[in-house]
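Observations on the three-dimensional arrangement
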Amino acid sequence: MFGPPVPTLFFTPPGGKRPCRRPCYDRTVTAPAPSYRVFARKYRPRRFDEVIGQEHIVRALSRAIAKDRIGQAYLLVGPRGVGKTTTARIIAKSMNCEQGPTAEPCLECGPCLEIERGNDLDVIEIDGASNNGVDDVRAIRDAVATRPMRDRRKIYIIDEVQRLSGQAFDALLKTLEEPPSHAMFLFATTDPHKIPDTIVSRCQMFEFRRLREVDVRAKLEYVCQAEGIEVEAEVLHAIARGCRGGMRDAESMLDQLLAGTEDRVTLDELESLAGLARPERWLALFEAVAADQPQALLGEIAAFLERGGTERDFVEQAVDALRDLLHVALLGEDALGVEPAPERRERMMALARDLGRDRLEALLGMMFQLESRMQRSPLGARALLEWTMLRASRLGQMLDLIGVMNGDVAPVARVQAAPPAPKHQAAPVPAPEPVSAPAATPEPEPEPAATPEPEPELASGAEPVTLPLLLQQLERKRPTLHATIERNFTRGELLDDGVVVHLSTPNAMDRDLLEDPVEIAALARLEGSPGPWRLAIQEAEVTKPDPVVELLLEGFDGQEELP
Ligand SMILES: [Zn+2]
């Protein structure tokens, strides 16, 4: 694993008198000045205004420091690599800077520089993962009592504090109950639930967020610029996405890429080094899913794994790709965001249209299910993956079937015939590579895990269909639509080839629902329905409503009582 080295552990025996149980590491000796520093360290924020994406925390802390209302114990909570330890160090500098306490430490005085280098004797960083015993904490407790050697405060930064043992927490609690006024504790954790409430309640808690993709990208751009290296915008985008909100991971990935290439970094290099598949690959794969081309599909999966990605990587990246497609299906071209090449733009639009909202949502669901299944059977990961994707490619047929049986799932892509959906001409699906794997593929039995059980009521074929019966069925299957129809219902007719329902003038919200083609299509799929439904809405012109009443009704989302 690539990344900044774990900070070395050190306990300073109080006054240097108490013999240390563990080897004491003198950092001035063990930390050689490296000629090359990884980006995550080189570009680590030094002041509050350089901390990215945690504005809420920076604001609160700066204010507390400026007003001299800083607490003695803080709990910094958040996923890894988002700036918890960095922030802890900045707090330490703020408190101990010779010009301080100040929210803007000078970065030049002894304490500022030593805290940054990690060798300030009064700022002690401890890795909770490896120093989690009760003796370790007792050592801290004893040391806390002595005054700081030089700085204003004696500050303990304990990383991964959730890893302390129960006894260690007990010992820590005693210190936290009555800390000496010069002491300060900064705890960082990825998992606050593992910390006893008694500890948490004595800390002020700050929750760090995952960083937004744009923020990560901006920082990466900055690093590239500062280093004078050229990296394609799409590469930075892919890294920013691949790191899932962790800046340290993103910087490490960039580091790794640059170490392995000459001068220009391209998507190809990212793919071979970091296992992040190019966006086109996902297009090809889901085009194979859309067209139910098992050979091409298995070929894409095999190629992904051969390039060094794991099955889990596959699921992770597939989810991202599907999410993109779903956004395009729902929001149109605007959702494409980062400028993909025009050719890929069109392919994405066509694919999103082909798959449609329902299928994309169902595919996402299958991916999540696949993820949890993989955790339970890591050995069969590849077979599971292939099996799921093969099933996914038959999802269109399944959805239709479910729709017919249930009336629950409306295959939007087919129903919304209104906007002309140009059939996208056979996309350049890569030549299917010969795959040897399918032998391992389990029989794609149609296990209806995600499929709602067909209701047993189907059997009652003897009973003649009536409108009230259809409406009863509707109430079970689409309660909102049923309630809306009921609210506005004046009369209805069951015809040989369909149903006509007359409705009074609905309010705006009801109207949206009643005019939604997906809802109307769902009516036609009710068991026993003779054909399409027509919802005849009484228009309002006849009786001019009182504008005041209308306004009130709108404002309170009410309906007028009908006689
Ligand atoms: Zn300073």
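Residues numbered from 1 in each chain as written. Predicted model: local features only at pLDDT ≥ 70, side-chain atom pairs only at ≥ 80, totals over all residues.

**Brief notes about helix H9 (residues 213-227)**
- When the terminal C-alpha atoms of H9 are compared, their 21 Å separation across 15 residues agrees well with the 21 Å that a helix rising 1.5 Å per residue should span.
- Of the residues making up H9, those classed as buried are Glu213, Val216, Arg217, Lys219, Leu220 and Val223. Around the axis of H9, the buried residues are gathered within 165 degrees of arc, so they sit on the same side. Exposed and facing more than 90 degrees away from the buried side of H9 are Tyr222, Gln225 and Ala226.
- Residues of H9 that are buried make contact with helix H2 (39-42), helix H10 (233-242) and helix H11 (247-260).
- Once H9 ends, the next one or two residues include Gly228, with phi positive near 65 degrees. (Helix = DSSP H or I, 4+ residues; strand = E, 2+ residues; numbered from the N terminus. Expected span 1.5 Å × (residues − 1). Buried ≥ 20, exposed ≤ 12 C-beta atoms within 10 Å, placed from the backbone. Arc of directions from axis to C-beta. Contact = placed C-beta atoms within 7 Å.)

**Focus: the sheet that holds strand E8 (residues 489-494)**
- The sheet built from three strands is open, its strands ordered E8-E9-E10 with mixed pairing. Here the strands that pair on one side only, and so sit at the sheet edges, are E8 and strand E10 (533-537). Within this sheet the neighbouring strands show an average axis-to-axis angle of 15 degrees, counted without direction.
- Two strands pair when backbone bridges link them, and E8 and strand E9 (residues 499-503) are joined in this way by five bridges, in the antiparallel orientation. In the strand pairing of E9, Leu494 is matched with Val499. (Pairing = 2+ DSSP bridges. Axes fitted to C-alpha atoms, helices over the stretch in contact; angles between N-to-C directions.)

**A closer look at the packing of H9 against H11**
- Close contact between H9 and H11 brings their axes to 10 Å; oriented N to C, the two are set at 40 degrees. Considering how the two elements wind past one another, H9 and H11 form a crossing that is right-handed. Note on element contacts: H11 touches H9 through Met247, Ala250, Glu251 and Leu254, opposite Val216, Lys219, Leu220 and Val223. (Left-handed = near helix turned anticlockwise from the far one by under 90°.)

Just geometry here; none of it tells us what the structure is for.
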